[in-house]
Amino acid sequence: MKEVDVRQFSSDKILKHLDRVNEWLEGGNPSPITVELDVTNRCNHKCPECVVNYFRVADSSFLPLPLAKSIVEQLADKAKGVIFTGGGEPLCYPNILEIVKLAKNKGLDLGFITNGSLLNDESAEIILENCTWMRVSLDAGSPEIFKLTHGMGSGEFNKVVDNVALLVRTKKKLNSKCTVGVGFLTSEKSVSDMVKSAGLIKQLGVDYLQFRPLQIHQGGKFDYHWIDVHDKIKECLKYSGSGFKVLFSQHKYEMAHDSQYGRYYGKCYGHQFATVIAASGKMYICCHLRGYEKYCLGDLRVDSFEEIWNSEQRRKVIESIDFSDCIPLCRDNTFNQILWNIKQPREHVNFL
């Protein structure tokens, strides 16, 4: 079997942005490369282990349309990629399709993460016409496990599966280049469905199925699901081929067994290149710390993106970063490994 590239989700992609990395190394304050944008905290699923329940259940915010438009217009001059995510379910936002089209027209590269249940012909076409990639969070291969992971019944599971098939048909009709994938968070509840999901998802005709370990960050308390899925992934990889890939966050599964989770660096630098805007309009230092006022960079209802990015408040937040507040295998973890090593002084740099 041809070896499958599982590194598409690896953070060494930051080296494709050496202009911003060099600006940072020289003491500058470059704009972020990627911004996660929560347009709403509302969601139509009831995932018992939702990774953002710590603040979403107490905050039903959604961005007023004028503010959402303003944010997109500001990001067009700053970021390179925007991910529509949550927070809540993006398709619960009544103006999401308008905002997606605006962001594309402003020249932004777009990603879209959804639970898939609210997709229809119109939204499928607009997302596939405007986004570089989209991912449906399924986290199951059967109605029984879907009930455990999403808190919804068999009717909802079948609807999501049918909507994934709709995406595939629509992509072919439009000749869209948008990459369509399905996400699967591995945990004690879902591990039994991993192989079944690989067979199901391949039949649907998407581009990939991605496995990642489930981590929950609830009010400063962490819940990890470090289970050994090596044999399951090995079985799933057999389904790769004919335009379909089984991918997994290999670095995360490997570092889950490291006592320091790969955190062999002294500072977080990844925040410089990726940030998050919550549905309240507030900006936070990273996607794992949405809703934590200690890590709030500013409020876009009050100040502009540029003002927040260059503010004294952001500088203070950066200085206050405490790894004990951070989830182990955070989004910035591998960014930080790379950036920390680049930042360290080296001798004889002209001899490789």
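Quick notes on the rules
Position numbers for residues count from 1 along each chain, tracking the sequence in the order it is written. Whole-chain, interface and lining totals are the exception, using all residues; otherwise, since this is a predicted model, local features are given only for residues with pLDDT of at least 70 and side-chain atom pairs are given and counted only at 80 or more. Calculation of side-chain values draws on the structure's entire complement of heavy atoms; hydrogens and water are dropped beforehand. For this analysis, a ring pair means two rings from Phe, Tyr or Trp (six-membered ring only for Trp) whose centres lie within 6.5 Å, classed as stacked if their planes differ by under 30 degrees, edge-to-face if by over 60, and tilted for the remaining angles. Two conditions define a charge located above a ring, namely a distance within 6 Å from the ring centre to NZ of Lys or CZ of Arg, and an angle within 35 degrees of the ring normal. Working definition: helices are DSSP H or I runs of at least four residues, strands are E runs of at least two. Numbering for both runs from the N terminus. Only protein chains enter the accessibility calculation, which uses a 1.4 Å probe; a residue whose area is less than 20% of its type maximum is buried, one above 50% is exposed, and one in between is partly exposed. Two residues qualify as a contact provided that any one of their heavy atoms is within 4.5 Å of a heavy atom in the partner residue. The length a helix should cover is 1.5 Å for every residue beyond the first. In summary, the charge assignment counts Lys and Arg as positive and Asp and Glu as negative, without counting His or the chain termini. Put simply, a salt bridge is a Lys or Arg side-chain nitrogen that is within 4 Å of an Asp or Glu carboxyl oxygen. N or O atoms closer than or at 3.5 Å make up a polar contact, with two conditions inside protein: a donor-capable atom paired with an acceptor-capable one, and, for residues adjacent in sequence, both atoms drawn from side chains. For helices, the fitted line uses only the C-alpha atoms of the stretch in contact; every axis is such a line through C-alpha atoms, and the angle between N-to-C directions lies from 0 to 180 degrees. Working rule for angles: under 35 degrees goes down as roughly parallel, over 145 as roughly antiparallel, 65 to 115 as roughly perpendicular, anything else as oblique. Take the far helix as the reference: if the near one is turned anticlockwise from it by less than a right angle, the crossing is left-handed, and if turned clockwise, right-handed. Note that Gly is not counted as nonpolar here; it falls among the polar residues with everything else outside the nonpolar set of Ala, Val, Leu, Ile, Met, Phe, Trp, Tyr, Cys and Pro and the charged set of Asp, Glu, Lys and Arg.

1. Concerning the packing of aromatic side chains
- Per the counting criterion, the structure on display carries 11 aromatic pairs.
- Above the plane of the ring of phenylalanine 323 lies arginine 263, whose end atom (NZ or CZ) is 5.0 Å from the centre.
- For the cation-ring pair, lysine 343 lies above tryptophan 24, with the distance from its terminal atom to the ring centre recorded as 4.5 Å.

2. Regarding the environment of lysine 80
- In this fold, lysine 80 is placed in the loop between helix H3 (65-75) and strand S2 (81-85).
- Taking the relative accessible area as the measure of exposure, lysine 80 reaches 32% and is therefore partly exposed.
- Sequence spacing of lysine 80 and leucine 108 is 28 residues, and the spatial spacing of their C-alpha atoms is 5.8 Å.
- Once residues lying within four places of it in the same chain are set aside, the contact partners of lysine 80 are His17, Asp19, Arg20, Pro32, Ile33, Leu108 and Asp109.

3. Some points on helix H7 (residues 154-174)
- Between its first and last C-alpha, H7 extends 30 Å over 21 residues, near the 30 Å set by a 1.5 Å rise per residue.
- All of the buried residues along H7 are Glu156, Phe157, Val160, Val161, Asn163, Val164, Ala165, Leu166, Leu167, Val168, Thr170 and Lys171.
- At its buried positions, H7 is contacted by helix H5 (121-130), strand S4 (133-137), helix H6 (143-150), strand S5 (179-186) and helix H8 (194-204).
- Downstream of H7 by one or two residues, asparagine 175 has phi in the positive range, about 55°.

4. Section: the side chain of arginine 20
- In this fold, arginine 20 is placed in helix H1 (residues 18-25).
- Buried arginine 20, no salt bridge; nearest opposite-charge side chain is aspartate 19, N-O distance 4.8 Å.
- In terms of polar contacts, arginine 20 uses its side chain to reach the backbone carbonyl oxygen of lysine 78, at 2.9 Å.
- Contacts of arginine 20, omitting those with residues within four sequence positions, involve Pro30, Ser31, Pro32, Ile33, Lys78, Ala79, Lys80 and Phe273.

5. Considering the packing of H8 against helix H9 (residues 230-237)
- Where H8 meets H9, the axes come as close as 9 Å, and the angle between the chain directions of the two elements is 20°. Taken together, the axes of H8 and H9 are roughly parallel relative to one another. Judged by the sense of rotation from one axis to the other, the crossing of H8 with H9 is right-handed. Within the contact between the two elements, H8 uses Met194, Val195 and Ala198 and H9 uses Lys232, Ile233, Glu235 and Cys236.
- Of the residues assigned to the contact of H8 with H9, the class counts are 5 nonpolar, no polar and 2 charged.

6. Considerations on unusual backbone geometry
- Cis geometry marks the peptide bond from glycine 86 to glycine 87; its omega dihedral reads 15°.
- A positive phi angle, close to 60°, is found at aspartate 139, a residue other than glycine.
- Here aspartate 139 lies in the loop between S4 and H6.
- Residue aspartate 139 is classed as buried on the basis of its relative accessible area, which comes to 10%.

7. Structural notes on the pattern of salt bridges
- Taken as a whole, this structure holds 15 salt bridges when the rule is applied.
- The partner of aspartate 207 in a salt bridge is lysine 171, and the shortest N-O contact between them spans 2.7 Å. Of this pair, aspartate 207 sits in the loop between H8 and strand S6 (208-213) while lysine 171 is found in helix H7, placing the two residues 36 residues apart along the sequence.
- On the basis of relative accessibility, which here comes to 17%, the residue lysine 171 falls in the buried class.
- Where lysine 294 meets aspartate 325, a salt bridge forms, and the shortest distance between an N and an O atom there is 2.8 Å.

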